[in-house]
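# A structural walkthrough
Given next are the chains, with one letter for each unit.
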Number of protein chains: 2
Amino acid sequence: MQVTQILRQALMEQPDRKGTVYNGRSRTWREIGERVPRMAAALRALGAREGDCVAALAMNSDCYLELFFSIPWCGAAFAPLNIRWSVPENQFALRDSGARILFVDDAFLAEAQTLKGDADLTLIYMGEKQTPEGMLSYEDLMRAHEPIADADRKADDLYIVLYTSGTTLQSKGVALSHRNVISVSVAFLATLPHRDNLTHLHVGGMFHLSGAGPAWYITMSAGTHVILPKFEPVPVMEAITEHKVTNCVLVPTMINMLLNQPTLKQYDLSSVRTCVYGGSPMPEAIMKAAMRDLPTWGFHQIYGMTETAGYATAFKWHEHLIAVERFPERMKSAGRPVVGMQVRIARPDGSEAPVRETGEIQIRGDNVMTRYFNNEKASAESLVNSWMRSGDAGYMDEDGFVYIADRLKDMIVTGGENVYSVDVERALYQHPSVREAAVVGIPSEKWGEAVHAIVVLKDGMSATADELMAHCRSLIGGYKCPRSVEFRSEALPTTPIGKIRKNVLRDAYWQGRTRKI
Amino acid sequence: MQVTQILRQALMEQPDRKGTVYNGRSRTWREIGERVPRMAAALRALGAREGDCVAALAMNSDCYLELFFSIPWCGAAFAPLNIRWSVPENQFALRDSGARILFVDDAFLAEAQTLKGDADLTLIYMGEKQTPEGMLSYEDLMRAHEPIADADRKADDLYIVLYTSGTTLQSKGVALSHRNVISVSVAFLATLPHRDNLTHLHVGGMFHLSGAGPAWYITMSAGTHVILPKFEPVPVMEAITEHKVTNCVLVPTMINMLLNQPTLKQYDLSSVRTCVYGGSPMPEAIMKAAMRDLPTWGFHQIYGMTETAGYATAFKWHEHLIAVERFPERMKSAGRPVVGMQVRIARPDGSEAPVRETGEIQIRGDNVMTRYFNNEKASAESLVNSWMRSGDAGYMDEDGFVYIADRLKDMIVTGGENVYSVDVERALYQHPSVREAAVVGIPSEKWGEAVHAIVVLKDGMSATADELMAHCRSLIGGYKCPRSVEFRSEALPTTPIGKIRKNVLRDAYWQGRTRKI
């Protein structure tokens, strides 16, 4: 049971179906099935041994998709670098993984050279132009090597190391085994409403699970990958129409952008049946617009993290429809545990919290990572008795729906009350002048912590601290309202996926002190 | 990740849906969710400890279904006894499992008393009448105990021991872990064409995977179990109509019986969408009749064995439809490996056989049993480098379809040629006088082994050995034809599921000698 088996099945089941469509060319599964063992041979010849990591720093492409299979085919593990990270961040990931081979495309030639420096790093060029000096050509390597047999890795062997920044500064490599990836892929197919003849549109980076997940489960269904370099409304609508796309992964803002396209009705988007989204609940207004203008689309919210191979709970489309009609509260939920996964809410003492009590969301099952790579301390802190501590605060209702309240560390304990910073931020965002808002706990002699807001106003708009505090008092409990407001003129610092780095903002107030949470 | 979680999710997702329908009564998942932890408490009070086995010998019922969850809820493992076995056979299974608690119903009261004998065995009566003396009442125990917390077993802990006779004389206990069962259930949901609002009709014994499998995956889908004691055409048609059954597991002979019912058209059987079958390919005539008279039914063939939790390959309905039209050969196949499972054909030296070469079918993946219970020797023989040796001979075509040629031990090596006994039997069955035929290899000075046929003729019909040999020569290669024919007047010995015990027939010829295979 190893990930290469996913590819072998696809090429047995649908040898003549298009496996990848990218940049005006397409390849059948049979062709991909011939290319992968050749690239595996090249990697072996270049010195990749069982258990070594092989890295990539590139935009999505058909070649990138092949790496998910060629690297384990030669027995190595994949370490994708983050296309949004700085050179020092990727430098850390590259060194931590120990990779001595790096795949690179046209977008990252300079960065790859910097990463290489004086190090013993082989660069394999998988771009669309002339192979730069000092690099090997992906296609030449493929042609120069005869296919080798699958290294036939075992279920518990390392398959991939995904480096996450999350909201902490120190990035960590999440080590996923072959079993983790097979398990999450089967779970996806078991929960998706349609599984036959899938054509997936990739707009999310494959270096991240939002792109890597479909790379596995769509291949497992012997479907087709239509690959775009990034999300742009018109190319997305064109690709859906041209390739009769059935599946995609989009965040609610992207869905909203599509719905606001004046040319939306000129495209036939009715082939789409499943749109997976994550990161936040679906705003009801977007959902209603989608039901009107994209009536064939079913939306499937997922909650998970890299540590759970991207999947832990699912809020299915029919559950959305029931929720809108009868249980509006559920529209804020992240759905219920997916088949084969177990989710619980834990109290600080480790016991299970009762229904509707907020605690830490913990996850168990075969999707859960084996460990953090090279980081026993973080592994031991995160995996307790096979439960993965998500670091997210949340609660579960009587029907098993999970609600994510806040990152646990973003919770503020003030005067003995717990304040979830998102509640306060949501209130601030409702003020017409607020563009960005982050709420953190800062030291307070009187309250232990005090609720503090950091706000960026919209261009040309104004508001005073008193106004904003009064605005909050009109919407949320007094103890939750900011005691102080700080205005900034520049955008707040964010993680690569756009989350505000509240820990960075908060840490400035805690120099030389220790927070209790 | 443990099997009790399947129940917990069902009762969170569909608390008010009927979980079980049996003998005129039904219970919701909420009710079942309240009963199971009480029965677990009773088992604990009766001395069941973590890892102990608890046995049952009973026909299907709603209570039987509860055992799949109450036994692991108290931390024990389930050891269902075989309702078709003799007392000594079940005596062996009971002793081997070490169970000291046995659930029993009205059908097995006398056998249970015999099994108990002087042993320290607690009998729990889950029948419909007065509790017999010396037994405890299932319902009384439930009422007398307060619910306990789930024992929270781990993924690799033992969940169930299923005793198989297979075609060998010495029965073995197949030890399945929680992971095995979760994994096979998710794989079922990932391959079934429909997964929402499932209502399953149980006619196959739950002591066996054909009943136990749906007990898990239908519960995982939060569906309904409609439970009949056995297959009879009219009650089956009535139950489908009354309960709007969507799913069932039937063997082709049962499907054929339904199709031949003169009253078939008086029932509304259109709620059925998926009929899982196994044991043999679907005869084309039955398939065509089903397409005409049961047009909503999709047929899904599975191949597997107890050692793979019942599932290894699947031949899906749309694949049947394509096969009938374009690839008639595939109608004889058992389909392709299911998601997450790996199947290969191995040569005697352990290497992988090329396409269309017959070898041993071997299976790998999380469905594969952890071991045989209390039988290290058999475990070591069957599990080689995590591959489960099925003992079945077969081959795979270029599209990954698996064809089961024969039990490996039933293959005859004669004059250096391999003869698959089923080929010869198929020829014999085409003779109008033959009721039963078994072909085995017997010792031969000249050929190593010689092809020998054992035949039972139809009442009032006749045929000579020469006639049958000539008949075979008209259909199959000369080297495959029987060199000798033995006529018997009584039915040939069979396993509980109706397979002829060719090993018993063969062994009579090999007294004091050793077969090479």
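Since this is a predicted model, take the numbers as computed values, not measurements.

## So, the overall build of chain A
Looking only at helices and strands, chain A features 16 helices and 27 strands. Radius of gyration (C-alpha) of chain A: 24 Å, near the 24 Å computed for a compact globule of 517 residues. Based on the C-alpha atoms only, the size of chain A along its principal axes is roughly 70 × 55 × 50 Å. Looking at chain A as a whole, 49% of its 517 residues are labelled buried. Here the contacts in chain A between residues at least 6 apart in sequence split such that 66% fall between residues at least 24 apart.

## A word on the interface of chain B and chain A
Where interface size is given, it is often the accessible area lost as the parts come together that is meant. Every contact between the two is made by 23 residues of chain B and, on the other side, 24 residues of chain A. Taken together, the elements giving at least two residues each to the side of chain B that touches chain A come down to α1 (4–13), α7 (178–191), β16 (336–337) and β18 (359–365) of chain B. Looking at the side of chain B that touches chain A, the element that brings in the most residues is α7(B), giving five residues. Looking at the side of chain B that touches chain A, its residues break down into 10 nonpolar, seven polar and six charged.

## Side note on the sheet that holds strand β2 (residues 25–28) of chain B
All names here are of chain B. Pairing is mixed across the open sheet formed by nine strands, whose spatial order is β2-β1-β11-β10-β12-β13-β14-β15-β16. Since the sheet does not close on itself, it has two edges, and those belong to β2 and β16, each with one partner. In this sheet, strand β12 (residues 247–249) lies alongside strand β10 (residues 199–202) in parallel orientation, the contact comprising two bridges. By the bridge assignment for β12, Leu201 is matched with Cys248.

## A few points about the relation of the copies chain B and chain A
Mapping chain B onto chain A is achieved by rotating through 179 degrees and translating by 0.0 Å along the same axis, at an RMSD of 0.2 Å. Taken together, the rotation and translation relating the two chain copies correspond to the operation of a two-fold axis. Every residue of chain B has its C-alpha some distance from the rotation axis, and the shortest such distance is that of Ala190(B), at 1.8 Å. Both copies contact each other with a shared surface, as 100% of the interface residues of chain B are interface residues in chain A too.

## Some thoughts on the packing of helix α4 (residues 87–97) of chain A against helix α5 (residues 109–116) of chain A
Residue and element names in this part refer to chain A. Between α4 and α5, the shortest axis-to-axis distance is 10 Å and the interhelical angle comes to 55 degrees. Between α4 and α5, the angle is such that the two are oblique. With respect to the hand of their crossing, α4 and α5 are arranged in right-handed fashion. Listed contacts from α5 to Val87, Asn90, Gln91 and Leu94 of α4 are Glu111, Thr114 and Leu115. Looking at the contact of α4 with α5 residue by residue, the classes come out as three nonpolar, three polar and one charged.

## Describing the packing of α1(B) against helix α8 (residues 209–220) of chain B
Two quantities define a packed helix pair, namely the angle between the axes and the distance from one axis to the other. All names here are of chain B. The geometry of α1 relative to α8 is characterised by a closest axis approach of 8 Å and an angle of 40 degrees between their N-to-C directions. Overall, the two elements α1 and α8 adopt an arrangement that is oblique. Here α1 and α8 pass one another in a crossing that is left-handed. Across the interface between the two elements, Ile6, Leu7 and Ala10 from α1 touch Trp216, Thr219 and Met220 from α8.

## What to know about the environment of Glu352(A)
All names here are of chain A. Mapped onto the elements, Glu352 comes out in the loop between β17 (341–346) and β18 (359–365). Sequence separation of Glu352 and Gln362 is 10 residues, and the distance between their C-alpha atoms is 9.8 Å. Dropping the residues within four chain positions of it, Glu352 is found in contact with Arg344, Ile345 and Ala346.

## Things to note about the nonpolar core
If you look at the biggest cluster of nonpolar residues, it comprises 264 residues, and the most contacted ones within it are Val54(A), Ala55(A), Leu102(A), Val54(B), Ala55(B) and Leu102(B). In this structure Val54(B) touches Leu43(B), Ala48(B), Ile71(B), Ala76(B), Phe78(B), Ala79(B), Ala99(B) and Ile101(B), once residues within four positions along its chain are discounted. In this structure, Met411(B), Ala437(B), Val439(B) and Leu468(B) belong to the second largest nonpolar core, which totals 24 residues.

## Brief notes about the confidence of the model for chain A
Looking at chain A as a whole, its pLDDT mean stands at 91, while 97% of the residues score no less than 70. Interface confidence for the predicted complex, expressed as ipTM, amounts to 0.78; the pTM equals 0.82.

## Some points on the environment of Lys230(A)
Its location among the elements puts Lys230(A) in the loop between β11 (224–227) and α9 (233–243). Along the sequence, Lys230(A) and His202(A) sit 28 residues apart, while their C-alpha atoms lie 8.0 Å from each other.

## Some details on the pairing of strand β25 (residues 434–444) of chain A
Residue and element names in this part refer to chain A. Relative to strand β26 (residues 448–457), β25 runs antiparallel, the two being bridged by 10 bridges. Directly across from Ala437, in β26, lies its bridge partner Val455. Hairpin connection of β25 to β26: three residues between the antiparallel strands.

## With respect to the sheet that holds strand β12 (residues 247–249) of chain A
The nine strands lie next to each other as β2-β1-β11-β10-β12-β13-β14-β15-β16 (chain A), forming an open sheet whose pairing is mixed. At either end of the open sheet lies a strand with only one pairing partner, and these are β2 (25–28) and β16 (336–337) of chain A.

## Structural notes on the pairing of strand β4 (residues 77–80) of chain B
All names here are of chain B. Neither face of β4 is open: one carries Ala77 and Ala79, the other Phe78 and Pro80, and all of them are buried. One ladder, built from four bridges, connects strand β3 (residues 53–57) with β4; its direction is parallel. Along β4, the bridge assignment pairs Ala56 with Pro80.

## Comments concerning the environment of Phe299(B)
Residues and elements named next belong to chain B. Turning to its location among the elements, Phe299 is positioned in strand β14 (residues 298–303). Between the alpha carbons of Phe299 and Ile322 there is a distance of 13 Å; along the sequence they are 23 residues apart. Beyond its immediate stretch of four places on either side in the chain, Phe299 contacts Cys275, Tyr277, Met282, Met287, Ala290, Trp317 and His320.

## Thoughts on unusual backbone geometry
All names here are of chain B. Phi is positive for Asn374, close to 55 degrees, though the residue is something other than glycine. Structurally, the position occupied by Asn374 is in the loop between β19 (371–373) and α13 (376–382). On the neighbour-count criterion, Asn374 (15 C-beta atoms within 10 Å) is partly exposed. At Ser386, a position not held by glycine, the phi torsion is positive, near 70 degrees. Tracing the backbone shows Ser386 in the loop between β20 (383–384) and β21 (387–396). Assessed through the 15 C-beta atoms surrounding it within 10 Å, Ser386 is described here as partly exposed.

## Digging into helix α7 (residues 178–191) of chain A
Under the 1.5 Å per step criterion, the end-to-end length of α7(A) is 20 Å for 14 residues, consistent within 8% with the ideal 20 Å. Of all 14 residues making up α7(A), 14 are buried, and the element is well covered by its neighbours.

What counts as what
- Residues numbered from 1 in each chain as written.
- Chains lettered and ligands numbered in written order.
- Predicted model: local features only at pLDDT ≥ 70, side-chain atom pairs only at ≥ 80, totals over all residues.
- Helix = DSSP H or I, 4+ residues; strand = E, 2+ residues; numbered from the N terminus.
- Rg over C-alpha atoms; globule rule 2.2 N^0.38 Å.
- Buried ≥ 20, exposed ≤ 12 C-beta atoms within 10 Å, placed from the backbone.
- Contact = placed C-beta atoms within 7 Å.
- Nonpolar A, V, L, I, M, F, W, Y, C, P; charged D, E, K, R; others polar.
- Pairing = 2+ DSSP bridges.
- Least-squares fit on C-alpha atoms with pLDDT ≥ 70 in both.
- Axes fitted to C-alpha atoms, helices over the stretch in contact; angles between N-to-C directions.
- Parallel < 35°, antiparallel > 145°, perpendicular 65-115°, else oblique.
- Left-handed = near helix turned anticlockwise from the far one by under 90°.
- Core = buried A, V, L, I, M, F, W, Y, C linked by C-beta atoms within 7 Å.
- pLDDT = per-residue confidence, 0-100.
- Expected span 1.5 Å × (residues − 1).

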